[in-house]
Amino acid sequence: MTTPTIEWAALTPILIVLGTAVFGVLVEAFFPRRARRPVQATLSLAALAGALAAVVWRWTAVLDDGPKSAVKLAGERPAGVGTLQEDLPALAFQAFILVCSLLAFLVFADRTKTGEGSFAASAATEPGSLDEREATEAGYEQTEIFPLGLFAVGGMLAFTSAGDLLTLFIALEVLSLPLYVLCATARRRRALSQEAALKYFILGAFSSAFFLMGAALLYGFSGSLDYWSIASALLQSTGMDALLVAGSALVLAGLLFKVGAAPFHSWTPDAYQGAPTPVTGFMAAGTKIAAFGAMIRFAYSIGRGAETELRPVFWAIVILTMLVGTVGGIVQSDVKRMLAYSSIAHAGFVLIGVGAYSRDGIRSVAFYLLAYGLASVGAFAVVTLVRQKSANGSILGEATSLRAWRGLGKTNPFLAGAMTLFLLSFAGIPLTGGFMGKFFVFKAGYSSGETVLVFLAVLASAATAFFYFRLILLMFFRDPAPGTATVASEGLSAAAILAAAAGIALTGLAPNAVWSFLDNAMAFIPVSYTHLRAHETPEHL
């Protein structure tokens, strides 16, 4: 057996993140308990910053030398075809994942002035038990969240660059399994947190089964699991091939679960509500960017071979996703659940760009995900600082009821103003990154003939504005709620909020800078079915 060729330099961002995650596990084993939190937080933030710098370095290398395969399989394949791809689209999505993860980890590491974080003192203890009370009183901290989060980030980075279905599945599990655990680590309402994690895990197992069955069918169709071989087999197929259509549909079903598209969305509201709020923001941003990056690569490399057969189903999913997200968000009375249904509606909007099958479709999706990811991390960071207050003045858990946010603009203008900016971006109001993201996605969809979907998306976007402006109205035009207070923290969450707000403003006021950056990130490896048929070069779509 011939060993694969590995370009270690191309794997630098992934190796930095996963290597630090492994070292973080050793920190848990050998460092004193009191020293673990500062060490883990510093290591994690340094690793993410270092990985982002490595992505910038690899971007310049790809611009100079062209795309390549980080791990190339043995056999007769064009240059640059392998299990992990290093090309500009992968690097662009990896950069966005790392930016949002860096901000999310700032929220992970933050604590109130009294030393209380968002995570349980000991997640292994039974909720309400004597062991839990003793761990909390002793000041224990669940610092394993940092290596777990880094493992998830490493999976996300690999997910966007996977060039075969087996690698894609491994990356899917590497990013998913830590998130299942992280969802169960909330400091308060622990039973709800564990219930959310269990639901997420069970439904995630079903989605993985769909994915694997689809991969098996595509292997039966082509005799291989890598994208280039499957795309090459499309040329030898005559008419509609049932294995190709069924396999593509099942793989896409597994990916649609990760982005929270209907009818695969039922985990989203419960997981978003029950998970620790920093984890919710991390999932909302990072998972969505990674999953859509993987979906675009699969759809543009293989999915076009079954595009005609799957298009009616795809349109139905887009419409249903926008409908569920819009209607579900309108009837919510909990901020986290409202933002969960908002994320479902946004998934429907982004799918329009995925279905455009054009250069503008790819970069419009990337732009949208950057703006959405920044707003999500920022919005959930604000939620961590708005707390319930008891009658004797004690600070309790997060105030997630909409009524509890009344008058926040009068008691804490900074948090209310930042939340307003994020909500306006979600709503697609001009001069925000969300508006430009929707504009680019809808324009790409309209240019590709998805006029009906774009029209429905505009209506849905207008309807979703209702629940965003409802919260803004409560914050600025109602008297303060007596049982609500904002807490002073160590400042890391405030730094994340400021950075996210600056990103939203930048993408809204100067979108051409990001749009031009994404202009180069158009070329996918392996060659798509369309260009195999046209006998074009394997480096470009």
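Note that residues are indexed from 1 along each chain, following the sequence as it is written. Local features in this predicted model are restricted to residues of pLDDT 70 or higher, and side-chain atom pairs are both shown and tallied only at a pLDDT of 80 or more, whereas totals for entire chains, interfaces and linings draw on every residue. With hydrogens and water stripped out, all remaining heavy atoms of the structure feed into the side-chain values.

Asks: What am I meant to see in the nonpolar core here?
Replies: The tendency in soluble globular proteins is for nonpolar side chains to be buried side by side. One finds Phe 159, Leu 165, Phe 292, Trp 405, Met 419, Phe 422 and Leu 423 to be the most contacted residues of the largest nonpolar core, which totals 163 residues. Comment: elements are numbered from the N terminus, with helices defined as DSSP H or I runs of at least four residues and strands as E runs of at least two. No other element matches helix H14 (residues 359–385), which puts 17 residues into this core. Residue contacts follow a heavy-atom distance rule, with two residues in contact if any of their heavy atoms lie within 4.5 Å. Among residues more than four places away in sequence, those in contact with Met 419 are Val 335, Leu 339, Ala 379, Val 382, Val 383, Trp 405, Leu 471 and Met 475. Among buried residues, the Ala, Val, Leu, Ile, Met, Phe, Trp, Tyr and Cys ones that are joined through side-chain atoms within 4.5 Å form a nonpolar core. Summary of the burial criterion: residues with accessible area below 20% of their type's maximum are buried, those above 50% are exposed, and those between are partly exposed, where the area comes from a 1.4 Å probe applied to protein chains only.

Asks: Any chance you could explain a nonpolar patch on the surface here in plain terms?
Replies: A cluster of nonpolar side chains, Leu 177, Leu 198, Phe 201, Ile 202, Phe 206 and Phe 210, forms an exposed patch at the surface whose accessible area comes to about 580 Å². Here the nonpolar patch gets 5 residues from one element, more than from any other, and that element is helix H7 (residues 190–222). Looking at the element boundaries, Leu 198 is found in helix H7. Residues enter patches when their relative accessible area tops 30% and they take part in no salt bridge; the joining distance is 9 Å for like charges and 5 Å for the nonpolar side chains Val, Leu, Ile, Met, Phe, Trp and Tyr. Here, Shrake-Rupley sampling with a 1.4 Å probe gives the accessible areas, and only protein chains in the shown set may cover a residue. Salt bridges are identified by distance alone: a Lys or Arg side-chain nitrogen within 4 Å of an Asp or Glu carboxyl oxygen.

Asks: How should the environment of Thr 114 be read in this particular structure?
Replies: Here Thr 114 shows up in the loop between helix H3 (88–109) and helix H4 (130–137). Residue Thr 114 is classed as exposed on the basis of its relative accessible area of 72%. Separated by 155 residues in sequence, Thr 114 and Pro 269 place their C-alpha atoms 30 Å apart.

Asks: Mind showing me how you'd approach a negative patch on the surface here?
Replies: The grouping of Glu 126, Asp 131, Glu 134 and Glu 137 at the surface amounts to a negative patch. As for its placement among the helices and strands, Glu 137 is situated in helix H4. Classification of Glu 137 by relative accessible area gives exposed; the value is 65%. Neither His nor the chain termini are counted; the positive set is Lys and Arg, and the negative set is Asp and Glu. Taken as the charge location is NZ of Lys, CZ of Arg, CG of Asp or CD of Glu.

Asks: Explain unusual backbone geometry here, please?
Replies: Leave glycine aside and you will find that most residues have negative phi; peptide bonds, for their part, are mostly trans. Along the chain, Ala 262 connects to Pro 263 via a cis peptide bond; the corresponding omega equals 5 degrees. Position of Pro 263 relative to the elements: it lies in the loop between helix H9 (242–259) and helix H10 (267–274). Unusually for a residue other than glycine, Arg 189 sits at a positive phi of about 50 degrees. According to the relative accessible area criterion, Arg 189 is partly exposed, its value standing at 45%. Even without a glycine there, the phi angle at Tyr 357 is positive, about 50 degrees. As for its placement among the helices and strands, Tyr 357 is situated in the loop between helix H13 (335–354) and H14. Among the residues examined, Tyr 357 registers a relative accessible area of 19% and is labelled buried.

Asks: What is the right way to look at the side chain of Thr 420 in this model?
Replies: Inspection of the secondary structure puts Thr 420 in helix H16 (residues 413–427). Residue class for Thr 420 comes out buried when judged on its relative accessible area of 13%. Here a polar contact is recorded for every N or O atom pair within 3.5 Å, except that within protein the pair must consist of a potential hydrogen donor and a potential acceptor, and residues adjacent in sequence are included only if both atoms are side-chain atoms. Here Ala 416 takes part through its backbone oxygen, which lies 2.7 Å from a polar atom of the side chain of Thr 420.

Asks: Whenever I open this one, the pairing of strand E5 (residues 395–398) confuses me. Can you help?
Replies: Along any regular strand the residues' side chains alternate between the sheet's two faces. Should DSSP find at least two bridges between two strands, the strands are regarded as paired. Strand direction decides the pairing type here: strand E4 (residues 386–389) and E5, joined by 2 bridges, are antiparallel. From the neighbouring strand, Arg 387 faces E5, where its bridge partner is Glu 398. If you look at the hairpin formed by E4 and E5, you'll find 5 residues sitting between the two strands, and Gly 393 has a positive phi there, around 95 degrees.

Asks: How do you make sense of the sheet that holds strand E1 (residues 5–6) when you look at a structure like this?
Replies: In a beta sheet, neighbouring strands are held together by backbone hydrogen bonds and run either parallel or antiparallel to one another. Strands sit in the order E1-E2-E3 across an open sheet of 3 strands; the sheet is antiparallel. Strands at the two margins of the open sheet, each flanked by one partner only, are E1 and strand E3 (84–86). In terms of strand pairing, strand E2 (residues 68–72) meets E3 through 3 bridges, oriented antiparallel. Along E3, the bridge assignment pairs Ser 69 with Gln 85.

Geometric values such as these leave the question of function open.
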